[in-house]
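# Fold and contact review
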Amino acid sequence: MSSADASGESTAEDMPELTYPEEDWPGFIREHLGPSLLWALLGIGGSHIVLAPTLGGLYGMFGIWVIAIIYLAKYGGWELGIRYNYGIGRNPVEGYGDLPGPDHWGQVFTMLVYLVGWTVILASVGFSAATFLAALVPSLSAIQLYLLLIGFAVALTIVSRYAWIENLMKLFVIVLGGLIVLGVFVSPPSPSLVAETAFSVPDLTAPVFLGIFAALAGYAPTGLSTTVTIGSWSLAKEQGARALRRKDYDPTDERFQEYIASWMRTGTRDFRVAFGFSFLLLVSMILLATSVFYPTPPQDQNLAIAIGSILQEGFGDWTFYLVVAGAFAALYSTVITVMDGAARVNADTLPLVLEREMDTDRLRRGFILLMGTASVIPILVIGQLPVTLMVFSAALMAILQVFFYFANYYIVRKHLPEAFQPDRAHTIYYAVTMLLVLGFGIMGGLSRLGLVG
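In the annotation of an unreviewed UniProt entry, the protein chain is listed under the name NRAMP family Mn2+/Fe2+ transporter and assigned to Halodesulfurarchaeum formicicum.

## A look at the overall build of the protein chain
Each helix and strand in the protein chain was counted, giving 20 helices and 2 strands. Relative to its length of 453 residues, the protein chain is compact, with a C-alpha radius of gyration of 22 Å against a globular reference of 22 Å. Taking the principal axes of its C-alpha atoms as reference, the protein chain extends roughly 70 × 45 × 45 Å. Expressed as a percentage of the 453 residues in the protein chain, the buried residues total 60%. Sequence separation of 24 or more characterises 81% of the internal contacts of the protein chain that already satisfy a separation of 6 or more. Placing the 24 positive and 34 negative side-chain charges of the protein chain at their respective mean positions leaves the two points 4 Å apart.

## Comments concerning the pattern of salt bridges
Using the criterion set out here, one finds 8 salt bridges in the structure. Arg30 is paired through a salt bridge with Glu31; the nearest N and O atoms lie 3.4 Å apart. A relative accessible area of 54% means that Arg30 is categorised as exposed. Overall, the relative accessible area of 23% leaves Glu31 in the partly exposed class.

## Let's talk about the packing of aromatic side chains
Any pair of aromatic rings gets described here by the distance separating the centres and the angle formed by the planes. On inspection of all chains with the given rule, the structure shows 29 aromatic pairs. With 5.7 Å between their ring centres and 55° between their planes, Tyr429 and Tyr430 make a pair best called tilted. In this structure an aromatic cluster arises from ring pairing among Trp39, Tyr71, Tyr75, Trp78, Phe271, Phe275 and Phe279. Sitting over the face of the ring of Trp25, Arg269 holds its NZ or CZ atom 4.0 Å from the ring centroid. The cationic tip of Arg269 hangs over the ring face of Phe28; the distance from NZ or CZ to the ring centre is 4.4 Å.

## Examining the nonpolar core
In this structure, Tyr96, Trp118 and Phe132 are the most contacted members of the largest nonpolar core, which totals 149 residues. With 18 residues, helix H15 (residues 319-354) is the single largest residue contributor to this core.

## Some words on the confidence of the model for the protein chain
Atom-level detail of predicted coordinates should not be read off regions where pLDDT is low. Per-residue confidence for the protein chain gives a mean pLDDT of 86, with 92% of residues at or over 70. Summarising per-element confidence for the protein chain, the mean pLDDT is lowest in strand S1 (residues 3-5) (43) and highest in helix H19 (residues 402-415) (96). The model gives residues 1-12 a pLDDT under 50, and that stretch makes 25 contacts with residues more than four places away or in other chains.

## A closer look at helix H16 (residues 360-374)
Between its first and last C-alpha atoms H16 spans 21 Å; for 15 residues at 1.5 Å apiece the expected length is 21 Å, and the two agree. Buried residues of H16: Leu363, Arg364, Phe367, Ile368, Met371 and Gly372, and no others. Taken around the axis of H16, the buried residues stretch over an arc of 165°, which confines them to a single face. Away from its buried face, by an angle of more than 90 degrees, H16 presents the exposed residues Arg362 and Thr373. Buried residues belonging to H16 abut helix H5 (105-136), helix H6 (142-159) and H15.

## Remarks on the side chain of Ser128
Counting through the fold element by element, Ser128 comes out in helix H5. If we skip the residues at most four places from it in the chain, Ser128 touches Val50, Leu331, Pro386 and Met390.

## Comments concerning the side chain of Asp270
Here Asp270 lies in helix H12 (residues 257-292). We classify Asp270 as buried; its relative accessible area is 2%. Engagement of the side chain of Asp270 in a polar contact is seen with the side chain of Ser36, the distance being 2.9 Å. Contact partners of Asp270, with chain neighbours within four places excluded, come to Phe28, His32, Leu33, Gly34, Pro35 and Ser36.

## Observations concerning a nonpolar patch on the surface
Residues Leu136, Val137, Leu140, Leu148 and Tyr321 make up a contiguous nonpolar surface patch of about 430 Å² in total accessible area. With respect to the helices and strands, the residue Leu136 is situated in helix H5. Relative accessible area serves as the criterion here: at 30%, Leu136 is assigned to the partly exposed category.

## A look at the environment of Ile88
Inspection of the secondary structure puts Ile88 in helix H3 (residues 62-88). Among the residues examined, Ile88 registers a relative accessible area of 3% and is labelled buried. Between the C-alpha atom of Ile88 and that of Thr349, which follows or precedes it by 261 residues, the distance is 17 Å. Beyond its immediate sequence surroundings of up to four residues, Ile88 is in contact with Ala241, Arg245, Pro251, Thr252, His415 and Leu416.

About the criteria used
Residues numbered from 1 in each chain as written. Predicted model: local features only at pLDDT ≥ 70, side-chain atom pairs only at ≥ 80, totals over all residues. Heavy atoms only, no water. Helix = DSSP H or I, 4+ residues; strand = E, 2+ residues; numbered from the N terminus. Rg over C-alpha atoms; globule rule 2.2 N^0.38 Å. Buried < 20%, exposed > 50% of the residue type's maximum accessible area, 1.4 Å probe, protein only. Contact = heavy atoms within 4.5 Å. Lys, Arg positive; Asp, Glu negative; His and termini not counted. Charge placed at Lys NZ, Arg CZ, Asp CG, Glu CD. Salt bridge = Lys/Arg side-chain N within 4 Å of Asp/Glu carboxyl O. Phe/Tyr/Trp six-rings, centres within 6.5 Å; stacked < 30°, edge-to-face > 60°. Lys NZ or Arg CZ within 6 Å of the ring centre and 35° of its normal. Core = buried A, V, L, I, M, F, W, Y, C linked by side-chain atoms within 4.5 Å. pLDDT = per-residue confidence, 0-100. Expected span 1.5 Å × (residues − 1). Arc of directions from axis to C-beta. Polar contact = N/O pair within 3.5 Å; in protein donor to acceptor, adjacent residues only side chain to side chain. Patch = residues over 30% accessible without salt bridge, like charges linked within 9 Å, V, L, I, M, F, W, Y side chains within 5 Å. Areas by Shrake-Rupley, 256 points an atom, 1.4 Å probe, with all protein chains shown as cover.

Structure follows, in structure tokens:
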């Protein structure tokens, strides 16, 4: 990485040596790309492998317009989190302690989301992974495989360091992404099917459409609660403003504005790469689902078999096992990132709530064990139904994520220096899209009450 001393009137004695981010693409990929790819995997497992085929199978190419609206609306929530993380050197959850109202209520709410909501996510994605593995190992039932997979994930995340997990997940992303994108070129939807479905607006008030929209609004590309998770992963790299804090320098000091701005650009660049990649994969999966499934989407009973056949027409029968294995890898990588990310957030947040020093690594291991054990509860309550579990947990995320967009906007306004405040255009965008995300939450609430879907 390149380094440079900050310029100005200050002398070498009162200025640290500042390490600036790499600007060229090879340097950026080598040194900085990573936290957002882990973030992308949180959504690739659920929204891409389970919900996207359902959407494409039901509505064809029109599904692309649906996800475009969702991605456009939710981008701002994460962008604010990235702005805060790199601009102040803190995880957004630290800032939630300053939200108006009772002490630490925002941080307690965040912990509840990660303890309850993310345990439901862990169950839904983990059981979907077990369903795909059962297609390859029919001698064991899905629930038996689920228990084995969760046990292995617990052991893996307890003993693994962040850098090792990051490199493993990058491999999963590359393999799965190449497979899906290649499949579109080999088996694209026919021109007649594109013409039939691209601008064919379904009944937007129909319970089925509202139910799947609510699920996608929660899971595509992920829930906005992951703004805290990506904050934990980013801070683990100890770059930018975080590096200043580690050396006891104040990142809001005007002397560091150029340095902070360069790292904010790098953090945003990292996120946009993963955000665009996630969108491309989701579009590709909808295209494949339109070509193969429309108008009959996969169901709980045939999920793995249906997804496994998605490339057979273009490549041949041998692809069944490759696709099933790839889908399993994507889903299981999400299990690992969910477990690691949620445990890190809770371990970082509990000391803030209790206002005392604690062994965060020991806490992280404890939360991993707790989530792994408790994840069997949603399966026992809802049943061994992978699509149903996914839709349930996704709609739950649509409700809970509303808090994070509004909270991120508040702490950015309250804590960041004037130089890093959103301009007028960004402010208008945030206002409009916060209302959209609020609408997603209302839709998710209606879905959970059984009024839609």
